[in-house]
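Below, each chain spelled out in residue letters.
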Amino acid sequence: MASGSALIFDEEMCRYSLLWPDEEYLEAVKRTPEMSLEELKAFSMKFNDVYFHQNIYHCGRLAVGATLELVDAVMKKVVRNGLALVRPPGHHGQFSAACGFCVFNNVAIAAYYAKEKYNLNRVLIVDWDVHHGQGIQYSFEEDPSVLYFSWHRFENQSFWPNLTESDYTSVGMTNSDYLAAFFHILLPVAYQGEMYASPEIFAHLTQLLMPLAEGKLCVVLEGGYNLTSLSQSVCQTVQTLLGDPCPRLLGLGCACDSALESIENVQSIHSSYWSCFQHLEAETETRSKLPRLSQKVEEPPETLKKNTKSVDVAWPEPLARTAAPLRTLVAAPAGLDVTLQNGCQRLGDASESTAKEVQSIWEKHFPDYTDKGVLQSFGNITSVLDQIINKEVCNGCVVVSDATLCSRWVFQHTKLSQFERVFVVFVGDGKVPVKTNSGKVFVVQICAAEPEDQSDGHLSLCLRAGKGFVAGLMQVVFSLVLPLAYEFNPGFVLMVCGESEVKNSIASAWGHMTCLLQGIAEGHTLALLQDCDGALLESTVSALSGTPLISLGVPEAPNLVDLQMIEKQRQRLQKHWSILRSKAPPLGDNGHFHSFSTRAFSSGVFETTDLTAELMATNPPRASPQPVKMKKEESLLGKLGGTLVRKKKLKEEENAERTILDPSSREDINFKDLQKVLIDWINSELEEERIIVKDLEEDLYDGQVLQKLFEKLSGCKLNVAEVTQSEIGQKQKLQTLLESVNATLRPLHWSSEWSVDAIHSKSLVSIIYLLLALAIYYAAPIRLPEHVSVQIITVTKKEGILHTAHVTKQLTSTTTEMMIGRSERDAFDTLLDHAPDKLNVVKTSLITFVNKHLNKLNLEVTELDTQFADGVYLVLLMGLLENYFVPLYNFYLTPESFEQKVHNVAFAFELMQDGGLQKPKARPEDVVNLNLKSTLRVLYNLFTNYKNSD
């Protein structure tokens, strides 16, 4: 079995051929050694933030070669894991272009190489650089075998590389924020800025990745600019790779609101791809972090401003990480074989002092127990515990005859009080013999029957044995055990596996849980296993000794009831343990955001990992320009209502004309509804492409999404580049796209409402006109809000004077609705338009129908359009019609906000679909907004299906 860690650096590793598909780009870089200074400058200008030198091709090959050498060493099991120190960096580099000081994408090439040479099906890349590694994301967006996880500064797209796809930062991402991202996002998926992170956190992040991929972990350091912090962080990472215990982290708590918002967005967007997120309560919409015209970017706190004046943040030297002489001590029956790695040995005979201590504890607390097996267990526990406390050994494992009794024995040890807090994980039925009311002990119990003891210091979870148990247990670890353990910050961890119906199926998952908890309490862990088999003992000892663990494989999806129970407990405990929070409070005025890349995160579905490539690159391209504040009197748009300027100023040329959307129109509720309908339609159409649109202006201006949408609707493939970041390239794509669109939509005579310049300059009205035309022509299955119009301000410069005019643009009307797919005019349109006198007859019949059922709950309806608007009666009615009780926690019984009412109506629609009904044509927002026609459609649908129901 492989052991040790590799350090790959500064070697002539040019024997590898570059796995780079763009030969033209590669040949161009090969010619740089012969270029003059002026030629190098000219060549550099072709790319974004890259400065070529005559030696850069040679250095780039060395960087790629070092990375591939590390992959070979790990995959051939010459070493267990390793670190490659390379330069130049690579994660911004793309197939056909250098970018951000990156010439060749070292990690992307390594991932391709590993897949090709070693036939890997799943590769995980973790990128915790301050900048978004868009080059890696672009490399694997269409490759489901590679998962790229990145978190970085975004700051409303103002931080380099200033891309919309980087959405999903506050200057000052702390240890708690990093751990929250791991616990709530990365680890659940991996198993199925000026960042204010201390060097010690990198030890823990590395430790949390080590159980994956049977320990095949490659760390690639691509640079860095804070040399003090960099050297400390690298040392922390290498020490973890070598197996040294992680330092304790102090002051952990809740992640900041911005980090929680990013976590919530990622979970919501990816809930359709990953079963570990499907149990979470869905929000009505994700929260975009792209800049909004109506928002002011909040200034950082004064304390943060002071900190950011200095380029380098001086961290104190981390405390020394001293490893015990022996890693793991094992006490097991002679007939139970276990593989002992270096630094791991069996327990010998007890010392005289240990024998005396056992005798003392036995006489005082356990005089009634005379069974030899129990007494032997007591002696072994005391011997191992003595050596852990005396720092002679880091951790230990003892096979015992009675786990409950032996757990009680541990807490009678006279020196255990040296550990100020103890964290207990107990798998087994029955009562855990440990008191938690002192605040010094926290117990997590996994059992078959839920005990009565549930407090802020005791958590009991009843997981169902059988199919989905392993996945459910790992979800417990990610969502509850790890966050609680880190915030509790114990000095000692006790892990107990007692008698339980899941005991025989827990071995592999138990090992992974034990390994993940090695970052806690400096690795001081004691595992007690009751009459276990060889598999459970082997898994435990491997985890404690740092031996690579067997992969969990592709687990069954966790039981939905278990997931709901886990989420319920998380919500209960998060009031006291803030690190459990995974959702941000309602949208407020927060202006800086943490970001986790989401489009890259959609690269595929997998449950296990064959190779983990971890990036710790901290190389910054040139600093992004900070937004310049303009005085209102100096800004043309400021004079017209305070709207923020986007990217280009109005060219003050004679006869130049610009159009601006009136700020008041942006706040119009019908206009907002129209945008939401179009966004939902686009996301529905492009679901298979895994494209998520959150903002029409920011996500559609470059032509990428519009291209995909038109190709999906028309069935025609456009001859354009898939990805382009330059303005010229984006406009060329839009030109080709709009030529095809205009040729198709010519009968509608709408093409004058949009142009390449209008779309690319993020004209919201032009973009909406284009989408409406596509929706009408291709009969989109949506219902548009009626009579939506906006005010446009036209500004023209004539003879040096600015002239303004207001123009009304009509976007939708009732005739539009008749042209939209499945929302064709029905009997209710005719009824309201031509026979309003008969409307009362229909309403009376429907009122009689609903009251027939609601009267069972002593409820009565008199006004259809108002009493169903909050969704409560609609939810209760569905429960009565289908003969089941709707849990109160699934909806708001007394909704107060618009969002809560929409949630209720949408939930009622889900219940209808669960009952076999078609999805209602009406939108939840229409019902909440007292649209009688929509409410009648919903109720009539129920009437036709349940009119004969009792």
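To start, this report covers the structure provided alongside it. What you see is a predicted model; the values in this text were computed from it and never measured.

**Some remarks on the overall build of the chain**
At step 1: A tally of helices and strands in the chain yields 33 helices and 18 strands.
At step 2: Sorting the 950 residues of the chain into buried and exposed places 57% on the buried side.

**Thoughts on the packing of helix α11 (residues 352-365) against helix α12 (residues 372-389)**
At step 1: One can describe the packing of α11 onto α12 by two numbers: an axis separation of 9 Å at closest approach and a directional angle of 125°. Taken together, α11 and α12 sit at an angle that is classed as oblique. The two elements α11 and α12 meet at a crossing, and its hand is right-handed. For the pair formed by α11 and α12, the contact residues are Thr354, Glu357, Val358 and Trp362 on the first element and Leu375, Phe378, Gly379, Thr382, Ser383 and Asp386 on the second.
At step 2: Residues of the contact of α11 with α12, tallied by class, amount to 4 nonpolar, 4 polar and 2 charged.

**Quick look at the pairing of strand β6 (residues 326-331)**
At step 1: Burial within β6 is extensive, with 5 of its 6 residues counted as buried.
At step 2: The sheet contact formed by β6 and strand β8 (residues 393-400) spans 5 bridges and is parallel. Residue Val330 lies in a different strand from β8, and its bridge partner there is Cys397.
At step 3: Summarising the sheet, β6 and strand β7 (residues 344-346) pair through 3 bridges and their orientation is parallel. Following the sheet pairing, Val330 is matched in β7 by Arg346.

**Focus on unusual backbone geometry**
At step 1: Residue Pro88 is reached from Arg87 by a cis peptide bond, and omega for that bond is 10°.
At step 2: Following the sequence through the fold, Pro88 ends up in the loop between β2 (81-85) and α4 (106-118).
At step 3: At Asp49, a position not held by glycine, the phi torsion is positive, near 55°.
At step 4: Relative to the helices and strands, Asp49 resides in the loop between α2 (37-44) and α3 (56-75).

**As for the packing of α3 against α4**
At step 1: With their axes 9 Å apart at the nearest point, α3 and α4 run at an angle of 40° to one another. Taken together, the axes of α3 and α4 are oblique relative to one another. Considering the relative orientation of α3 and α4, their crossing is right-handed. Of α4, the residues touching α3 (which contributes Gly60, Ala63, Val64, Thr67, Leu68, Val71, Asp72 and Met75) are Asn106, Ile109, Ala110, Tyr113, Ala114, Lys117 and Tyr118.
At step 2: Of the residues assigned to the contact of α3 with α4, the class counts are 10 nonpolar, 3 polar and 2 charged.

**Concerning helix α20 (residues 669-685)**
At step 1: The terminal C-alpha atoms of α20 lie 24 Å apart, and with 17 residues this matches the ideal 24 Å at 1.5 Å per residue to within 8%.
At step 2: Listing the buried residues of α20 in full gives Phe671, Asp673, Leu674, Gln675, Val677, Leu678, Ile679, Trp681, Ile682, Asn683 and Glu685.
At step 3: With a side-chain oxygen lying 3.1 Å from the backbone nitrogen of Asn670, the N-terminal cap of α20 falls on Asp668.

**Observations concerning the pattern of salt bridges**
At step 1: In total, this model carries 17 salt bridges according to the counting rule given.
At step 2: Among the ionic pairs, Lys117 bridges to Asp72, the shortest N-O distance being 3.4 Å. On the criterion of sequence distance, the pair formed by Lys117 in helix α4 and Asp72 in helix α3 is long-range, its members being 45 residues apart.
At step 3: With a closest N to O distance of 2.4 Å, Lys115 and Asp143 form a salt bridge. Here Lys115, found in helix α4, pairs with Asp143, found in the loop between α5 (134-140) and β4 (146-153); they are 28 residues apart in sequence, far enough to count as distant. Taken as a pair, Lys115 and Asp143 share a single burial class, namely buried.
At step 4: Ionic contacts of the salt-bridge type, sharing partners, join the residues Arg248, Glu420 and Arg421 into one network.

**Things to note about the nonpolar core**
At step 1: Counting 98 residues, the largest nonpolar core has Phe182, Phe423, Leu482, Tyr486 and Leu537 as the members making the most contacts within it.
At step 2: The element best represented in this core is helix α14 (residues 469-488), accounting for 13 residues.
At step 3: Composition of this core by domain shows at least three residues from each of domain 1 (12-277) and domain 2 (331-580).
At step 4: Beyond its immediate sequence surroundings of up to four residues, Phe182 is in contact with Trp128, Trp151, Leu187, Pro188, Leu205, Leu208 and Leu209.
At step 5: Counting residues in each nonpolar core, the second largest holds 46 residues, with Leu718, Val720, Leu745 and Ala773 among its members.

**Details of a negative patch on the surface**
At step 1: On the surface, Glu142, Glu687, Glu688 and Glu689 cluster together to form a negatively charged patch.
At step 2: Counting through the fold element by element, Glu142 comes out in the loop between α5 and β4.

**Focus: the side chain of Gln730**
At step 1: On the secondary structure map, Gln730 appears in helix α23 (residues 727-745).
At step 2: A relative accessible area of 7% places Gln730 in the buried class.

**Side note on the sheet that holds β6**
At step 1: Taken in spatial order, the 8 strands of this open sheet run β7-β6-β8-β13-β12-β9-β10-β11, and their pairing is parallel. Taken across any chain shown, the strands that pair with only one partner, and hence form the sheet edges, are β7 and β11 (458-462). Ignoring which end each strand starts from, the neighbouring axes of this sheet average 15° apart.
At step 2: In the sheet, strand β12 (residues 492-497) pairs with strand β13 (residues 525-530) via 5 bridges, with the strands oriented parallel. Counterpart to Leu494 in the pairing with β13 is Leu526.

About the thresholds
- Residues numbered from 1 in each chain as written.
- Predicted model: local features only at pLDDT ≥ 70, side-chain atom pairs only at ≥ 80, totals over all residues.
- Heavy atoms only, no water.
- Helix = DSSP H or I, 4+ residues; strand = E, 2+ residues; numbered from the N terminus.
- Buried < 20%, exposed > 50% of the residue type's maximum accessible area, 1.4 Å probe, protein only.
- Axes fitted to C-alpha atoms, helices over the stretch in contact; angles between N-to-C directions.
- Parallel < 35°, antiparallel > 145°, perpendicular 65-115°, else oblique.
- Left-handed = near helix turned anticlockwise from the far one by under 90°.
- Contact = heavy atoms within 4.5 Å.
- Nonpolar A, V, L, I, M, F, W, Y, C, P; charged D, E, K, R; others polar.
- Pairing = 2+ DSSP bridges.
- Expected span 1.5 Å × (residues − 1).
- Polar contact = N/O pair within 3.5 Å; in protein donor to acceptor, adjacent residues only side chain to side chain.
- Salt bridge = Lys/Arg side-chain N within 4 Å of Asp/Glu carboxyl O.
- Core = buried A, V, L, I, M, F, W, Y, C linked by side-chain atoms within 4.5 Å.
- Domains from an automatic or database assignment.
- Patch = residues over 30% accessible without salt bridge, like charges linked within 9 Å, V, L, I, M, F, W, Y side chains within 5 Å.
- Areas by Shrake-Rupley, 256 points an atom, 1.4 Å probe, with all protein chains shown as cover.
- Lys, Arg positive; Asp, Glu negative; His and termini not counted.
- Charge placed at Lys NZ, Arg CZ, Asp CG, Glu CD.

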